[in-house]
Every structure is written in C-alpha cells, then in structure tokens.
Amino acid sequence: MSIFDILGPVMVGPSSSHTAGAVRMGQIVRRLVGGEPVRAKILLAGSFASTGAGHGTPRALVAGLMGFDPDDERIPRSFEIAKERGLAFEFGTVTLRDAHPNSALITAVNDRGEQVEVGASSPGGGRIRVFEVDGLPASFSGEVPTLIVRSDDMPGYVSRVTGVLAAQGINMSKLQVERSARGGRALMVIECDQRIPYRVKTAITAIEGIHKVTRLNPGEESK
Amino acid sequence: MSTYSSMAELLALSEKNGTPVWETVRLADCAEQGITPESSWETMKNLLSVMRQADRGYDRRHRSMSGLSGGDAGLMEDYIASGKSILGPLVSRVMAAALRMGECNACMKRIVAAPTAGACGVLPAVLLTVAEAQHIPDDRVVEALYVAAGVGAVIAQRASISGAECGCQAEIGSAASMAAAALVHLLGGTGEQMSNAAALALKSLLGLVCDPVGGLVEVPCVKRNVTGALTALSSADMSLAGIQSRIPADEVFDAMREIGEKMDRTLRETGEGGLAATPTGRRRTNPRE
Ligand code: SF4
C-alpha cells in the first residue's frame, strides 16, 4: 500500500466503491471487448442494485465504458454523452450467488459486433476484481500488468502462449486457466511483473485457435 | 511503508535518520514504491491543488442525485457573514469548508479521498482554512499532507480506514486524527505533539458507527466532516498547549480496531442500523435513474 492509497484517489464522488470502482469496472469491460463499445447491458447486483442510483453507479459504469477515468468531471453527464457517441445501454438487476455485495454483470458489444460478458466486484477504495469473463471464473484486478487470452481449448496452447512471454523476457507472477469443457472455450489470465508490450499481443493473436488477447497495463486503462 | 507500523516507530525512524516526520513518511514511501522524492512531491502537491479546486468550485445551488445534500455550506457562509457565529470567523470558516467538500462529494464533484470519499472534507477544511488565515506557504501545507498520510498509513495497518470494516470511527475518526497531526506540523509542533494530537482526536470519535441513510454517502456523512474538522482543531490546540493524551496513539488505534470488530454489521456501512433505520431514515428511499 502506498501513502497515495491513504490520500487519494482523486475521484468524482460520492463513493470510492460505488462510483470510482464502478468507473474502473466499465474501463476493464471496454478493454476486454476491444474497440468502441456500441451496446451494453448492465445488471446490478446486491448493494449496487439497492443504492447504486444514489451513488451515481450507473453513470459511473457508462463513463468507464467510454474510457473515462474515475476523476473525469464528465461522469455525471455520461448518459447524455453516451447518446451522442452512439453507445446504447440498458440496466437491470441480477442476483449473484457468492459474489461480493458490490457487483455487476456487464455484457458489451463493440463496433465490430464482438461481445464480452464480464462479472466484477468493487470491494472498496476504488479497487475492483473481475470474477468472471464469458461465464468462466477468473480473478484479477488489473493493478499489475495482466494478459487475458480467450481461445479454444487445445493441447499445448498454454505453453505456446507462455512461450511468447518467456521469449520477450516477461516474468509471470500468476497464471489462471479455465475452460468450459474439454475442447471447449478457454480463458487464460496471466499476471506479469513487467509491462506487457504490444508485440506480445500480436504474437499471441497469431497462434491458431486464439480468439482475443487483451493487455491491461496499469495507468493505461482508458486507452 | 513496511518500514513503520506504529507512530512510535515512525518517530524513532525520524529521529534515527535525522529527517522531519513528513520527510520520513515521504522517503519511506518512495523506497517502497520505487518512485523519486520529486515525483512523490508533485503527486502530493497535485492533491492539494485538487482540494483547493473542489473547495473553490463549490456551488450552493447544486443538489445530489438523491436530493438529500446540497446548499448547507451556503447557509453556513451566510451565517458567518451575519457575524453572529458562536465559534467566531476562523472556526466557522473551517465548518463551512468541511460542508463544502462533503457536499461536493455528494454532488459528484471531483475530490480527494482522505482517507475516504465520505470523510474527504476534514483534512482540506482545517489545512486550507488555517493555512490561509495564518499565511502559511503551500510547501508547508504539502508537508502537512505527508504527516496526515503517515498517520493514516499507521491507522490502516493497525486498524482500518474503512467504514464497512470498523464503522465511521475509521473514516471520520481517522480523518480527524490525520488532520490533527497535520495541523500540529503546520503550526510548527514536534513529532511527539503530532502523535499526541492524533491520539487525542481519535479518542474523541471512538465508537462512531457507520449508518448512512439509504446506504448513501450523504447523511450523516456530510455533517460529520464538520465534527471531524472541529475535533482536529481542538486536538491540535490541546496538543500544542502541552496537554497529554494518557493513552498513546498506537494504543488508541488498536482500541479502534477492537471496537470495530465488536461493532454489529448493521452499523458498518450496510445502511441497516442507526440513523438509516430511523423512521425518517427509512423513508428516504433511493432514487432511480
Ligand atoms: S457514516 Fe459511513 S459512509 Fe458516512 S462518512 Fe461515516 S463511515 Fe463514511
């Protein structure tokens, strides 16, 4: 923990968990869908559903989907800005078992018709944790460089992906692999010690059966 | 930050290295985070300027999404202008500043969480107002922010700075404790006096529960920022007068943790107990988009 976790973050109020964390969630969904989101369905759970509106949670989530940072003063006007930009969104509520009370399930579609569904929680202090991507369990915060690879489940693909990282001299600190069924869809989440360069993404995307590669480098969320 | 986990250790470190408390906090954080003292200073200075911008950007016409907050700092300003305030110009200006920041937060303006968004008014209210009244240069105010951060870091390690974990004592209480120590630095006090002021402030707010109406960071949060700021002022003054807290700061922090652990969950940010559960509190239902 840094002293700037004690004083800070600079954020648009009123709540670090329900406002700042919600912006971060939207940002991560934006990164995972890639490109410009044009449609989003946002299901609020627990305390997000019961107290979200008064905390500006829905506006914060939409702001994050457009790539705004948690201290962006346009957050209170995000609905209007989304309309201008052609991002259609709808809200609902959902009950999530075993999830943190501050959670949401977000489905986003980008301008190329690609879709992602992300479940995430905001436990406090503006930090977040993704617990699900496309129905597969995951656990990452994006506070360290993180690579998310969505693919088919194929023999040897894990070593081919990690091989690319090794060749670039990037050290992995945590590796999670999940699949829907043998030979089904797979999700790999790799947390790294070093910033993940663009060429890693290109190299991994070239591997057969890989559908989507997302890099999360802290401090570069909104790009 | 692992270099100190108590006020006693922080003061000992400052003594050993021959650096003032604020500088000890800065250098320890730089070593831990791998950043330069210059960039740390720039970040801290920026926090001060965000606090000031928020304070100046206050608009008494703005209301929160729920309609529960807004305009109260304006009423306080009118009252100060009438010259009738019991506490006199300086202290009532601190009150108005605490309300301004609390209301800015409730109305989705940009603020600095200090240590949380709900308690964001305490520290800027006392530092900006006292610094202005006594013509204290900005560099010294930035140093005072390091002192506040150091106290907050100790509290976070020994107890908590989250209402959901330990109740409002951990938010408004911690903010008051941090602000009291920061004020002592601003006014040229010693490290011992800073630690003592931190103890005095938190002692007065131990046991404070987190019971936000409708689960929203508005009622009682906005006005508790005033309580926190006033407690910080009186604690700093007592400490500079030579009045001792009989219980040292670190033990006060530990007591806060123990009290927080015993606090019922309905009184820890769930919006299910205390003021939130009063008949009027319950009627304040959450707005819809
Ligand atoms: S009542 Fe709860 S939400 Fe409000 S300031 Fe205190 S700790 Fe924060």
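The numbering scheme is per chain: residues are counted from 1 as the chain's sequence reads. Here every chain gets a letter starting at A, and every ligand a number starting at 1, in the order they are written. The predicted origin of the model limits local features to residues at a pLDDT of at least 70 and limits the giving and counting of side-chain atom pairs to 80 or more, whereas totals for whole chains, interfaces and linings rest on all residues. The side-chain values count all of the structure's non-hydrogen atoms but skip hydrogen atoms and water molecules.

Side note on the overall build of chain B
For the record, the criterion: Numbering goes from the N terminus for both helices and strands, where a helix is a DSSP run of H or I of at least four residues and a strand is a run of E of at least two. Radius of gyration: over C-alpha atoms. The globule rule applied is 2.2 Å multiplied by the number of residues raised to the 0.38 power. Burial here depends on accessible area, computed with a 1.4 Å probe over protein chains only, as a share of the maximum for the residue type. Under 20% is buried, over 50% is exposed, and the range in between is partly exposed. Residues count as neighbours in contact if any of their non-hydrogen atoms are within 4.5 Å of one another. Using a 1.4 Å probe, accessible areas were evaluated by the Shrake-Rupley method; residue-level cover was limited to the displayed protein chains. Under this rule, positive means Lys or Arg and negative means Asp or Glu; His and the chain ends count for nothing. By convention, the point assigned to a charge is CZ for Arg, NZ for Lys, CD for Glu and CG for Asp.
Looking only at helices and strands, one finds 13 helices and one strand in chain B. Beginning at the N terminus, the succession of helices and strands in chain B can be written as α-α-α-α-α-β-α-α-α-α-α-α-α-α. Taken over the C-alpha trace, chain B has a radius of gyration of 18 Å; the compact-globule value for 289 residues is 19 Å, and the two agree within 12%. Here the C-alpha coordinates of chain B stretch approximately 55 × 45 × 40 Å along the principal axes. In chain B, which comprises 289 residues, the share counted as buried stands at 56%. A sequence separation of at least 24 residues applies to 74% of the contacts in chain B between residues at least 6 apart. Counting only carbon and sulfur atoms, one obtains 52% of the accessible surface of chain B, whose full area is about 11,700 Å². For chain B, the distance from the average position of its 27 positive side-chain charges to the average position of its 32 negative side-chain charges is 8 Å.

Some details on the site of the ligand
Short version of the rule: Note on definitions. A residue lies near a molecule or strand when any single heavy atom of the residue is within 4 Å of it. Gly counts as polar in this scheme, as do all residues outside two lists: the nonpolar Ala, Val, Leu, Ile, Met, Phe, Trp, Tyr, Cys and Pro, and the charged Asp, Glu, Lys and Arg.
Around the ligand sit B:Gly118, B:Gly163, B:Cys168, B:Glu171, B:Cys210, B:Asp211, B:Cys221 and B:Arg224, and that is every residue in its neighbourhood. Its residues assigned to classes, the shell around the ligand shows three nonpolar, two polar and three charged.

As for the pairing of strand E8 (residues 146-152) of chain A
Consecutive side chains of a regular strand alternate in pointing toward one face of the sheet and then the other. Residues and elements named next belong to chain A. In plain terms, the rule: Paired strands are those between which DSSP finds at least two bridges.
Judged by how many residues are buried, E8 sits mostly within the fold: six of seven residues are covered. As paired strands, E8 and strand E10 (residues 185-192) are joined by seven bridges and run antiparallel to one another. Its bridge partner lying in E10, Ser151 is registered against Ala186.

Remarks on the interface of chain A and chain B
Test applied: The term buried area denotes the loss of accessible surface (1.4 Å probe radius) that occurs when two parts are joined, taken as the sum for both partners. Think of a salt bridge as a Lys or Arg side-chain nitrogen and an Asp or Glu carboxyl oxygen that are within 4 Å of each other. Any pair of N or O atoms that falls within 3.5 Å is considered a polar contact. Within protein, one atom must be able to donate a hydrogen and the other to accept it, and sequence-neighbouring residues count only if both atoms are side-chain atoms.
Across the contact, 30 residues belong to chain A and 40 residues belong to chain B. When chain A packs against chain B, the two sides together hide about 2,800 Å² of surface, and 67% of this comes from carbon and sulfur. It is A:Ile3, A:Ile6 and A:Leu7 that lose the most area in chain A upon contact with chain B, and together they represent 25% of the buried surface on that side. Residue B:Arg110 is joined to A:Glu73 by a salt bridge in which the shortest nitrogen-to-oxygen separation is 4.0 Å. Counting the contacts that link chain A with chain B gives nine residue pairs in polar contact (both at pLDDT 80 or more). Among the elements of the structure, helix H1 (3-6), strand E1 (10-12), helix H2 (16-33), helix H3 (46-55) and helix H4 (57-65) of chain A are those that each provide at least two residues to the side of chain A that touches chain B. Ranked by residues supplied to the side of chain A that touches chain B, first place goes to H3(A) with six residues. Taken together, the residues of the side of chain A that touches chain B break down into 15 nonpolar, 12 polar and three charged.

Quick notes on the nonpolar core
Heads up, the rule is: Only buried Ala, Val, Leu, Ile, Met, Phe, Trp, Tyr and Cys residues count toward a nonpolar core, and they belong to the same one when joined by side-chain atoms within 4.5 Å.
Within the largest apolar cluster, 98 residues are counted, with the highest numbers of intra-cluster contacts made by B:Met44, B:Leu123 and B:Leu127. The element contributing the most residues to this core is helix H7 (residues 138-158) of chain B, with 13 residues. Beyond its immediate stretch of four places on either side in the chain, B:Met44 contacts A:Ile3, A:Phe4, A:Leu7, B:Val142, B:Leu145, B:Tyr146 and B:Ala149. Judged by nonpolar contacts, the second largest core, of 41 residues, contains A:Val12, A:Leu44, A:Ala60 and A:Ala63.

Considering helix H9 (residues 172-186) of chain B
Residues and elements named next belong to chain B. So the rule is basically this: What a helix should span is 1.5 Å times the count of its residues minus one.
Here H9 contains 15 residues, and its C-alpha end-to-end distance of 20 Å stays within 8% of the 21 Å for a straight helix at 1.5 Å per residue. Summarising burial for H9: 15 of the 15 residues are buried, a large majority. Looking one or two places after H9, you find Gly188, whose phi comes out positive at around 85 degrees.

So, the domain arrangement of chain A
All names here are of chain A. The cut-off we apply is this: Domain boundaries shown here were taken from an automatic or database domain assignment.
What the domain assignment lists for chain A is domain 1 (1-133) and domain 2 (143-223). Look at where the C-alpha atoms of domain 1 and domain 2 centre, and you get two points 23 Å apart. Tallying the contact residues gives 17 residues for domain 1 and 12 residues for domain 2. Summing the contributions of domain 1 and of domain 2, the shared interface buries around 1,200 Å²; its carbon and sulfur component is 47%. Counting the surface domain 1 buries against domain 2, the share from its top three residues, Arg31, Leu32 and Val133, is 52%.

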